[in-house]
Amino acid sequence: MTHAIDAPRPFGRLITAMVTPMRDDGALDLDGAARLAAHLVDNQHNDTLIISGTAGESPTTTDAEKDALLRVVLETVGDRAQVVAGVGTYDTQHTIELARAAEKAGAHGLLVVTPFYNKPPQAGLLRHFTAVADATGVPVMVYDVPHRTSLAIATETLVRLAEHDRIVAVKDAKCDLTAASWVLKRTDLAFYSGEDSLTLPMLSVGAVGVVGTSTHFTGVLTKLMIEAYADGDVATALDLHRRLLPLFTGIFRAPGTILVKAGLNEIGLPAGPVRSPLIDATEAEVEQLRADCADAGLPLERGTTA
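Residues numbered from 1 in each chain as written. Predicted model: local features only at pLDDT ≥ 70, side-chain atom pairs only at ≥ 80, totals over all residues. Heavy atoms only, no water.

In the annotation of an unreviewed UniProt entry, the entry for the protein chain reads 4-hydroxy-tetrahydrodipicolinate synthase, and the organism field reads Luedemannella helvata. In UniProt, the protein chain has this text filed under Subunit (unreviewed entry): "Homotetramer; dimer of dimers." Per its UniProt entry, the protein chain bears the Sequence similarities (unreviewed entry) comment "Belongs to the DapA family." (UniProt positions renumbered as here; feature names shortened; annotations may be inferred.)

*Asks:* Residue-level account of the overall build of the protein chain, with values.
*Replies:* A count of helical and extended segments in the protein chain gives 12 helices and 8 strands. In summary, the protein chain has a C-alpha radius of gyration of 18 Å against a globular reference of 19 Å for 306 residues, a match within 12%. Principal axes of the C-alpha set define a box for the protein chain whose edges measure 50 × 45 × 35 Å. With 306 residues in all, the protein chain has 56% of them scored as buried. Put simply, of all contacts in the protein chain between residues at least 6 apart along the chain, 71% involve residues at least 24 apart. Of the roughly 12500 Å² of accessible surface on the protein chain, 51% is carried by carbon and sulfur atoms. On the protein chain, the mean spot of the 26 positive side-chain charges and the mean spot of the 38 negative ones are 4 Å from each other. (Helix = DSSP H or I, 4+ residues; strand = E, 2+ residues; numbered from the N terminus. Rg over C-alpha atoms; globule rule 2.2 N^0.38 Å. Buried < 20%, exposed > 50% of the residue type's maximum accessible area, 1.4 Å probe, protein only. Contact = heavy atoms within 4.5 Å. Areas by Shrake-Rupley, 256 points an atom, 1.4 Å probe, with all protein chains shown as cover. Lys, Arg positive; Asp, Glu negative; His and termini not counted. Charge placed at Lys NZ, Arg CZ, Asp CG, Glu CD.)

*Asks:* Go over the UniProt feature "binding site: pyruvate" (unreviewed entry) in the protein chain, please, and point to the residues and values.
*Replies:* As recorded in UniProt, the feature "binding site: pyruvate" (unreviewed entry) lies at Val-211. Along the chain, Val-211 turns up in strand β8 (residues 209–212). Judged by its relative accessible area of 1%, Val-211 is buried. Setting aside anything within four residues of it in sequence, one finds Val-211 in contact with Ile-15, Ala-17, Ile-50, Met-141, Lys-171, Tyr-192, Ser-193, Gly-194 and Asp-196.

*Asks:* Give me the lowdown on the pairing of strand β4 (residues 109–113), citing residues and values where you can.
*Replies:* By the criterion of burial, β4 is predominantly enclosed, with 5 of the 5 residues buried. Of the two faces of β4, the one lined by Gly-109, Leu-111 and Val-113 and the one lined by Leu-110 and Val-112 are each fully buried. Strand direction decides the pairing type here: strand β3 (residues 82–86) and β4, joined by 3 bridges, are parallel. Across the sheet, residue Ala-85 finds its bridge partner in β4, namely Leu-110. Looking at chain direction, β4 and strand β5 (residues 140–144) are connected through 4 bridges and run parallel. The residue of β5 that forms the bridge with Val-113 is Tyr-143. (Pairing = 2+ DSSP bridges.)

Okay, here's the thing in structure tokens:
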């Protein structure tokens, strides 16, 4: 088994699940998406962006909107960062259709979430993820997020999935370091923390990076934290973890999409409103976000976008 520090990083170390900018009338802001993607890659140092994940409001965007968004982000940053398309649904055939469309558009990877609501058994999960991976030639990151789907991917299922050549990574939001450790012991899957505040603990058991939400604002320092740990400078990594903790956790005082968009709007980057059934942040929530950002040493002010 590969040593954790030297483990393959198919999507780099720092990944942000990008929000989807909207216009005031609720339509996609494709120009804004291009600007935001460029900012996240060029200024926040992301190795990879995930488009149409949960943070990107994928439950309320159409297939056509997902395709248009993916294409504009690929055109903008695809020459200097990887772009991964969120294609997961609770319908295997629909997920395959989205996966093939993403491959046609040029996506560098696919994020496939555990099917939600219909709660398939583990054998059904194995069949679902395998069918999607079989449908394209694009590498797959499995998204294990039981607090959203009410269904965890069992260790044995992940071990079986790791046998597939194109299933290469896991976005782990299960928050179970022991379960992750067993999978990492038995496979070469690249684990990415799906919980911002658990990035450093996940690195300690063999994860290679993070798929973040607060990284819309903390990208530079989060990447420094990851790289410091990988270089053996645990003290610096711990200092950065503690510094960023107010924002790692504060961004989720409300659904992360809501507060990320509020924060981006505050500093003059494209975001716009959220789509129903989400609702925009209240002034009290924005004020608390300002306090959390200040506590992390990243004041939420215009001119702090670099």
